[in-house]
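Chain residues, written in single-letter form:
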Amino acid sequence: MKLDIELLESRIAANTFISDIIYIPEVNSTNDYSKNFRHKDNVLIVTDNQVTGKGRYGRYWESEPEKNLTFTIKKNFNIEPDDIQSVNFFFTNFTLSGINEYLKSEQVFIKEGELELKWPNDILLRKKKLSGFLIESDILEGNFFIGCGINVNQKEFNKEFSYKTTSLSNTFAREFDRTRLLIKIIEVINDNLYLFENQEFEEIFKQWMGNFNMIGKEIVFTDEKNFLGKAKITDIHRDGGLQILINNELKVIYSGDIRILYQN
Amino acid sequence: MKTDLNYIKKLIKMLDTCGISELEIEEEGTKIKLVKNKPVSGEIPQTIHFSQAPVPAPIVQAAEAPAVKPEEKTEPKLNSNLVEVRSPIVGTFYAAPSPNADSYVHVGSQVTVGTVLCIIEAMKLMNEIESEVSGKIAKIMVENGQPVEYNQVLFLVEQS
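What counts and what doesn't
Residues numbered from 1 in each chain as written. Chains lettered and ligands numbered in written order. Predicted model: local features only at pLDDT ≥ 70, side-chain atom pairs only at ≥ 80, totals over all residues. Heavy atoms only, no water. Helix = DSSP H or I, 4+ residues; strand = E, 2+ residues; numbered from the N terminus. Rg over C-alpha atoms; globule rule 2.2 N^0.38 Å. Buried < 20%, exposed > 50% of the residue type's maximum accessible area, 1.4 Å probe, protein only. Areas by Shrake-Rupley, 256 points an atom, 1.4 Å probe, with all protein chains shown as cover. Lys, Arg positive; Asp, Glu negative; His and termini not counted. Charge placed at Lys NZ, Arg CZ, Asp CG, Glu CD. Contact = heavy atoms within 4.5 Å. Core = buried A, V, L, I, M, F, W, Y, C linked by side-chain atoms within 4.5 Å. Domains from an automatic or database assignment. Buried area = accessible area lost by both parts, 1.4 Å probe. Phe/Tyr/Trp six-rings, centres within 6.5 Å; stacked < 30°, edge-to-face > 60°. Lys NZ or Arg CZ within 6 Å of the ring centre and 35° of its normal. Salt bridge = Lys/Arg side-chain N within 4 Å of Asp/Glu carboxyl O. Axes fitted to C-alpha atoms, helices over the stretch in contact; angles between N-to-C directions. Parallel < 35°, antiparallel > 145°, perpendicular 65-115°, else oblique. Left-handed = near helix turned anticlockwise from the far one by under 90°. Nonpolar A, V, L, I, M, F, W, Y, C, P; charged D, E, K, R; others polar. Polar contact = N/O pair within 3.5 Å; in protein donor to acceptor, adjacent residues only side chain to side chain. Pairing = 2+ DSSP bridges.

### Regarding the overall build of chain A
1) Next: Broken down by element type, chain A carries 8 helices and 14 strands.
2) Next: Taking 264 residues into account, the globule formula puts the C-alpha radius of gyration at 18 Å, and chain A, at 18 Å, falls close to it.
3) Next: Taken over the C-alpha atoms alone, chain A extends approximately 55 × 45 × 35 Å along its principal axes.
4) Next: For chain A, the proportion of its 264 residues judged to be buried stands at 56%.
5) Next: Counting every atom, chain A has about 11500 Å² of accessible surface; 46% of that belongs to carbon and sulfur.
6) Next: Taken together, the 33 basic and 40 acidic charged side chains of chain A have centroids lying 6 Å from each other.

Below, the structure is given as structure tokens:
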């Protein structure tokens, strides 16, 4: 089933910070398309079929047509480079809250911690990836293109990723209404935007940390040069740095991938 | 008057990027006076610092990180036409938008104000770094995939 754009318009464009909703039935990447709106603020770009979704640094984000949510929010933030990661912390954390609120409204209740954040900016559901973000910006102009993908009703995933990927329907064995999920996410983001307006970056970080349960966890870390190392997460810094203990040394990393080593 | 740090940072940035050398603001009994460093030789330095902030970034470095930050090192005197492009954040330098794509710029590439020069990634937030001047890329100071520090020089641009 396609997204209900009329419902989106009436619930989002009328009542939240989003001033324009751009619906495209099919697009290569909502983030790339959103660059056409560089000079506009508060635009939601959403598609039913993202053909070549972008993951981090050229990676592919797999999504079947009309099954998932793939959207980009174009928003301007006038913030100092030191606080730039607040955008990341804010959107990942409140998208998680939005998913949780939506599930509650559908009478689906999960235990605390089952929806959680994974560094750098994924949302996990029962330890599997449910959602990923790709945020692009030009710091000087203050343009942010916040791309988000959420697996909703897709059941099959590429074999390579299937063991660590999930969707709402795979987890709860039923279909969900993507339009209402998106409305709830935008509403929750809208209700918390005052944190940005008041520059409450410490509070944004605190709330993000509240959904990050991985301090003390053993991980395998992969950096840009494909170095593999076993490490332990010891802290997260407000500039987004992940502090890890690796070979008895503390290191702070800013990019790369981590895989959590679960004990079970 | 807003005397918070961000406001002062903005004033310093403004002073740094425009032609004036002194700025004094007085409002509601609060006075802020900013004066650019006067060069010893009497010559006005041509170096423009990209997005330079007045305070050191509060970044806790890895244990093996050098005690001296890159921006504190004595840097060689620059050709007066050369403009440094510095990293506004800590992250990873990417010369191209994706691994198989062409680099945004090469040595010798002509750039104008707003030309994207590279991406600095931190925590999967991809920041496009744009040129603030028109000219030619004279030198690329970092390699693709290399971690960069706050304020580290990324490019030298020969201003036209």
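### Side note on the overall build of chain B
1) Next: In terms of regular secondary structure, chain B is built from 1 helix and 10 strands.
2) Next: Looking at chain B residue by residue over its 160 residues, the buried ones come to 39%.
3) Next: Across chain B, the fraction of contacts at a sequence separation of at least 24, relative to all contacts at a separation of at least 6, is 59%.
4) Next: Accessible surface for chain B amounts to roughly 8800 Å². Of this, 52% is attributable to carbon and sulfur atoms.

### Side note on the nonpolar core
1) Next: Ile-73, Ile-99, Ile-150 and Leu-168 of chain A together with Phe-155 of chain B are the most contacted members of the largest nonpolar core, which has 92 residues in total.
2) Next: Ranked by the residues each element gives to this core, the list is headed by helix H3 (residues 85–105) of chain A, at 9 residues.
3) Next: Contacts of Leu-168 of chain A, omitting those with residues within four sequence positions, involve Ile-99, Leu-103, Leu-125, Leu-130, Asn-151, Val-152, Ala-173, Phe-176 and Leu-181 of chain A.
4) Next: Ranked by size, the runner-up nonpolar core spans 5 residues in total, among them Ile-24, Val-27, Phe-37 and Val-43 of chain A.

### Examining the domain arrangement of chain A
All names here are of chain A.
1) Next: Each assigned domain of chain A is listed here: domain 1 (5–210) and domain 2 (218–263).
2) Next: Computed from C-alpha atoms alone, the centre-to-centre distance between domain 1 and domain 2 is 24 Å.
3) Next: Contact residues are listed per partner, giving 17 residues for domain 1 and 17 residues for domain 2.
4) Next: In total, about 1400 Å² of surface goes out of reach between domain 1 and domain 2, with carbon and sulfur atoms giving 56% of it.

### Some details on the packing of aromatic side chains
All names here are of chain A.
1) Next: For the coordinates displayed, the defined rule picks out 14 aromatic pairs over all chains.
2) Next: A centroid spacing of 4.9 Å and a plane angle of 55° characterise the contact between Phe-90 and Phe-94, whose relative ring orientation is tilted. With Phe-90 and Phe-94 both in helix H3 and 4 residues apart, this pair spans about one turn of that helix.
3) Next: Among the residues examined, Phe-94 registers a relative accessible area of 3% and is labelled buried.
4) Next: These aromatic residues form a ring-pair network of at least three members: Phe-77, Phe-90, Phe-91, Phe-94, Phe-144, Phe-196 and Phe-201.
5) Next: Residue placement shows Lys-35 over the ring face of Phe-145; its charged tip is 5.4 Å from the ring centre.
6) Next: When the ring centre of Phe-77 is taken as origin, the NZ or CZ atom of Lys-75, which lies over that ring, is 5.4 Å away.

### Describing the pattern of salt bridges
All names here are of chain A.
1) Next: What the rule picks out here adds up to 20 salt bridges over all chains.
2) Next: With a shortest N-O distance of 2.6 Å, Asp-83 and Arg-238 are connected by a salt bridge. Here Asp-83, found in the loop between strand E5 (69–76) and H3, pairs with Arg-238, found in the loop between strand E11 (228–236) and strand E12 (242–246); they are 155 residues apart in sequence, far enough to count as distant.
3) Next: What makes Asp-83 buried here is its relative accessible area of 10%.
4) Next: For Arg-238, a relative accessible area of 28% gives the class partly exposed.
5) Next: For Glu-106, the salt bridge goes to Arg-174, with nearest N and O atoms at 2.7 Å.

### Topic: the environment of Glu-249 of chain A
1) Next: With respect to the helices and strands, Glu-249 of chain A occurs in strand E13 (residues 249–253).
2) Next: Sequence separation of Glu-249 of chain A and Ala-231 of chain A is 18 residues, and the distance between their C-alpha atoms is 9.6 Å.

### Examining the packing of helix H1 (residues 5–13) of chain A against helix H6 (residues 178–192) of chain A
Residues and elements named next belong to chain A.
1) Next: Axis separation between H1 and H6 bottoms out at 10 Å; the angle between their running directions is 15°. One element, H1, and the other, H6, form an angle in the roughly parallel class. Every pair of crossing elements has a handedness; the one defined by H1 and H6 is right-handed. Mapping the contact onto sequence places Leu-7, Leu-8, Arg-11 and Ile-12 in H1 and Thr-179, Arg-180, Leu-182, Ile-183, Ile-186 and Glu-187 in H6.
2) Next: By residue class, the composition of the contact of H1 with H6 is 6 nonpolar, 1 polar and 3 charged.

### What about the side chain of Asp-122 of chain A?
1) Next: Here Asp-122 of chain A shows up in strand E7 (residues 122–125).
2) Next: Of note is the side chain of Asp-122 of chain A, whose polar atom sits 3.1 Å from the side chain of Lys-124 of chain B.
3) Next: The residues touching Asp-122 of chain A, leaving out its near neighbours within four places in the chain, are Glu-116, Leu-117, Lys-129, Ser-131, Gly-132 and Phe-133 of chain A together with Lys-124 of chain B.

### What about the sheet that holds strand E3 (residues 82–86) of chain B?
Residues and elements named next belong to chain B.
1) Next: One open sheet accounts for 4 strands, arranged E3-E10-E8-E5; its pairing is antiparallel. Of all strands in the sheet, those with a lone pairing partner are E3 and strand E5 (110–111), marking the two edges.
2) Next: Relative to strand E10 (residues 153–159), E3 is paired through 5 bridges, and the arrangement is antiparallel. Each residue of the ladder has a partner; that of Leu-82, found in E10, is Glu-158.

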